[in-house]
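Descriptive analysis of the structure
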Amino acid sequence: MSKVDRYAVMGNPIGHSKSPQIHSLFARQTGQDLEYSKQQVEEGHFSSAVQDFFIQGKGLNITVPFKQEAWLQAQQLSERARLAGAVNTLWINQAGELVGDNTDGAGLVTDLVKNQKVALTGKRLLLLGAGGAARGVIQPLLAEKPVELVIANRTQARAQELQKMFTGKGAIEALPYDQLSGPFDVIINATSASLQGDVPPLPKGLVTRQTTCYDMMYGAEPTAFNLWAERQGAKACIDGLGMLVEQAAEAFFCWRGVRPDTQPVLQVLRTELAGN
């Protein structure tokens, strides 16, 4: 009897992860024979955990706080992972090398453009935050050729650092929150402020009735950022559940060469979140 291909997600904490459910639904839908688990890794033990897993395992997803470590450990990086400075998907290629990719940005862009029908080309985009979440999505956003991508962060130096990294990839600018001037077509919140029920200190005039606001965070209730966006009169307020499912689908494609239909899976998760 042949062994089932093993996949997992590693992080700390990991109990809340929906990845096993998402990938199991993908596998059932596409007729792929695999099992997917979650593994909590203690800090300082990530490298050995990855080595142990790949003795028999086929692929890993990596979440907080190990995406930068995964980037360092990968022997080969996709272009988008190299630019992101972070890896969320690992596998071994035919040459026996550990390959790292970052599917976060692709997940965000697919959710915005394909699922939500939000145009990015020729539009003015604002990205809030300059941490790992922001860094992972800049290159895929610039690839959509917006007229401008503005990065705003509490610490101006971090936003400027990202601007320098992606100079030459598209029209990109770094500004502190208090120097922002609108309006913007799309505002993306990549800060973790929503988890604390907070919103970055944003000036008025950024949002019009044509503005789409997108929070990478999600929950059963609207996030603090999306509640703020609603009060500003935004055209649409979207949470990050679609990004979660789309980045997982991209990872599944990297591993299996099959692209699952994300809509039924998204529907299952959305229903569960609503408590139905």
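Read on for a plain summary of the structure. Quick caveat: nothing in here was measured; it's all calculated off a predicted structure.

Analysis parameters
- Residues numbered from 1 in each chain as written.
- Predicted model: local features only at pLDDT ≥ 70, side-chain atom pairs only at ≥ 80, totals over all residues.
- Heavy atoms only, no water.
- Helix = DSSP H or I, 4+ residues; strand = E, 2+ residues; numbered from the N terminus.
- Expected span 1.5 Å × (residues − 1).
- Contact = heavy atoms within 4.5 Å.
- Pairing = 2+ DSSP bridges.
- Axes fitted to C-alpha atoms, helices over the stretch in contact; angles between N-to-C directions.
- Buried < 20%, exposed > 50% of the residue type's maximum accessible area, 1.4 Å probe, protein only.
- Phe/Tyr/Trp six-rings, centres within 6.5 Å; stacked < 30°, edge-to-face > 60°.
- Lys NZ or Arg CZ within 6 Å of the ring centre and 35° of its normal.

Here helix H1 (residues 19-30) is 12 residues long and its end C-alpha atoms lie 16 Å apart, about the 16 Å a rise of 1.5 Å per residue gives. On its buried face, H1 is in contact with strand E1 (5-11), strand E2 (34-40), strand E3 (59-62), helix H9 (241-256) and helix H10 (262-273). Of the residues trailing H1, Gly31 is marked for its positive phi of about 70°.

So, about the sheet that holds strand E11 (residues 212-215). One open sheet accounts for 6 strands, arranged E9-E8-E7-E10-E11-E12; its pairing is parallel. Two strands in the sheet have a free side with no partner beyond their single neighbour: strand E9 (172-176) and strand E12 (236-238). Direction aside, neighbouring strands of the sheet carry axes that sit 20° apart on average. Examined bridge by bridge, strand E7 (residues 124-128) and strand E8 (residues 148-153) share 5 bridges and lie parallel to one another. Bridge assignment links Leu125 to a residue of E8, and that residue is Leu149.

It is worth spelling out H9 at this point. In an α-helix, one turn spans 3.6 residues, which is why side chains three or four residues apart end up on the same side. With 16 residues, H9 should reach 22 Å at 1.5 Å per residue; the first-to-last C-alpha distance of 22 Å fits that figure. Most of H9 is tucked away, with 14 of its 16 residues classed as buried.

The next subject is the packing of aromatic side chains. Geometry of an aromatic ring pair is reported as the spacing of the ring centres plus the angle between the planes. Applying the stated criterion across every chain, the model contains 6 aromatic pairs. Look at Phe26 and Phe252: their rings are 5.5 Å apart centre to centre, the planes differ by 70°, and that puts the pair in the edge-to-face class. Within this pair, whereas Phe26 is found in helix H1, its partner Phe252 is found in helix H9, the two being separated by 226 residues in sequence. No difference in accessibility class separates Phe26 from Phe252, as the two residues are buried. Judged by centre distance (5.3 Å) and plane angle (90°), the ring pair of Phe53 and Phe54 falls under edge-to-face. Ring-pair connections join several aromatic residues into one group, and the members of that group are Tyr7, Tyr36 and Trp255. Above the plane of the ring of Phe184 lies Arg124, whose end atom (NZ or CZ) is 4.0 Å from the centre.

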